[in-house]
Amino acid sequence: MRSIILFVVVALLCAAGLLLAEPRQGAKPAAPAGSTAAAPARPAAGQPAKGSATSGSSAGQTTKREDDEKAIRDVVARLVKAYNGGDADAIASLFTIDGEMIDDEGARVQGRQAIAQDFAAIFQEHPKAKIEIAIDTIRFLGPTLAIEEGTSTVTYDPDAAAESGRYQVTYAKQDGKWLTGIARELPEEMTGDKALEQLAWLVGNWIDESPQAWVKTSYQWSDDHHFLVGSFSVRIAGRPAIEGVHRIGWDPLAKTVRSWMFDSEGGFGESLWTAGEDDPATGVPRQWIVKM
């Protein structure tokens, strides 16, 4: 009997919308390709450098690393100035001849000419685009190689919301000058808060009916906002059949949404949630697949 009831519960919950998520309104659209790919950053005034130079065996070596870091920060400042001035050629000149940009989906733009064309297209579409950059670290892997990581924030229009993303830049020192070899956008890491916000549409009361059964489900946020907590009750042929609770949370080890269900007869179940493809207009999943 329990297996039949649980089958009815799962089927009706699916029909009620647990497996088909409506995209949330107002989600931030994805940034255009190349918008922040070459975005090293200018630190705030007076901000100490978080990335320390590689320590050497002498004061001369330490001074050399300090000079190199200052030169890289100068490259960043020139890039910000060129971007905010809409100068695509000046940005391209900060790359090596065969330098490249890679966006967060793996698309590549290689060579100074192609990079200049890419930024020129951005400035043509967004003539008022501005960028701000915050460097987190600068690490030296040798006398002519360095890696910088940080966050770039782009505002395409004064009235539009700013868009931020993580980046990594690999620098090469050629003929005494530090140039960008590879500028890469880093994919945004999913976090518990972001994952669960995509399921916020569940909050509220749901009722689903069929000729054989009736299910009422309610969801609300837990006090700490780390879980979606639900309760359900099922009636079959007009008589109470089963009730229970449902808790949805983020599994930081598996990096996925996980849920647990407990029923009034002592049964329990566990589920893994997988997001389907994103809606291009909103950037959030069109559906969720739940394996129970």
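Residues numbered from 1 in each chain as written. Predicted model: local features only at pLDDT ≥ 70, side-chain atom pairs only at ≥ 80, totals over all residues. Heavy atoms only, no water.

### A closer look at the overall build of the protein chain
Here's step 1: Scanning the protein chain for helices and strands turns up five helices and 13 strands.
Here's step 2: Buried positions account for 39% of the 292 residues belonging to the protein chain.
Here's step 3: When contacts within the protein chain are restricted to residue pairs at least 6 apart in sequence, long-range pairs at least 24 apart make up 50% of them.
Here's step 4: Total accessible area on the protein chain stands at roughly 16100 Å², and carbon and sulfur atoms take up 53% of it. (Helix = DSSP H or I, 4+ residues; strand = E, 2+ residues; numbered from the N terminus. Buried < 20%, exposed > 50% of the residue type's maximum accessible area, 1.4 Å probe, protein only. Contact = heavy atoms within 4.5 Å. Areas by Shrake-Rupley, 256 points an atom, 1.4 Å probe, with all protein chains shown as cover.)

### Describing helix α4 (residues 112-125)
Here's step 1: Between its first and last C-alpha atoms α4 spans 20 Å; for 14 residues at 1.5 Å apiece the expected length is 20 Å, and the two agree.
Here's step 2: When we look at burial in α4, the residues that qualify are I115, A116, F119, I122 and F123. In a view along the axis of α4, the buried residues occupy a sector of 125°, so they form one face of it. Pointing more than 90 degrees away from the buried face of α4 are the exposed residues Q113, Q117, Q124 and E125. (Expected span 1.5 Å × (residues − 1). Arc of directions from axis to C-beta.)

### Description of the confidence of the model for the protein chain
Here's step 1: Chain-level statistics for the protein chain give a pLDDT mean of 81 and a share of 78% at 70 or above.
Here's step 2: The least confident element of the protein chain is helix α1 (residues 2-18), whose mean pLDDT is 44; the most confident is helix α3 (residues 88-92), at 97.
Here's step 3: Note on residues 1-12: pLDDT under 50 across the span, and 20 contacts to partners over four residues away in sequence or across chains. (pLDDT = per-residue confidence, 0-100.)

### Points about a nonpolar patch on the surface
Here's step 1: A contiguous nonpolar surface patch, about 340 Å² in accessible area, is contributed by V245, F262 and F268.
Here's step 2: Its place among the elements puts F268 in strand β12 (residues 268-275).
Here's step 3: With a relative accessible area of 68%, F268 lands in the exposed category. (Patch = residues over 30% accessible without salt bridge, like charges linked within 9 Å, V, L, I, M, F, W, Y side chains within 5 Å. Salt bridge = Lys/Arg side-chain N within 4 Å of Asp/Glu carboxyl O.)

### Considering the sheet that holds strand β7 (residues 204-209)
Here's step 1: In spatial order, the strands read β7-β8-β9-β10-β11-β12-β13; together these seven strands make up an open sheet with antiparallel pairing. Bordering the open sheet on either side are β7 and β13 (288-291), each of which pairs with just one other strand. Direction aside, the axes of adjacent strands within the sheet are offset by 20° on average.
Here's step 2: Judged from the six bridges that link them, β7 and strand β8 (residues 213-221) form a sheet pairing that is antiparallel. Bridge pairing links N205 to S218 in β8. (Pairing = 2+ DSSP bridges. Axes fitted to C-alpha atoms, helices over the stretch in contact; angles between N-to-C directions.)

### Details of the sheet that holds strand β6 (residues 177-185)
Here's step 1: Strand order in the open sheet formed by six strands is β2-β1-β6-β5-β4-β3, and the pairing between neighbours is mixed. Of all strands in the sheet, those bounded by a partner on one side alone are β2 (108-110) and β3 (130-142). Taking each pair of neighbouring strands and ignoring which way they run, the sheet shows an average axis angle of 20°.
Here's step 2: Summarising the sheet, strand β1 (residues 95-102) and β2 pair through three bridges and their orientation is antiparallel. Bridging from a neighbouring strand, M101 pairs with V109 of β2.
Here's step 3: Relative to the sheet, α4 contacts β1, β2 and β6, its axis offset from that of β1 by approximately 50°.

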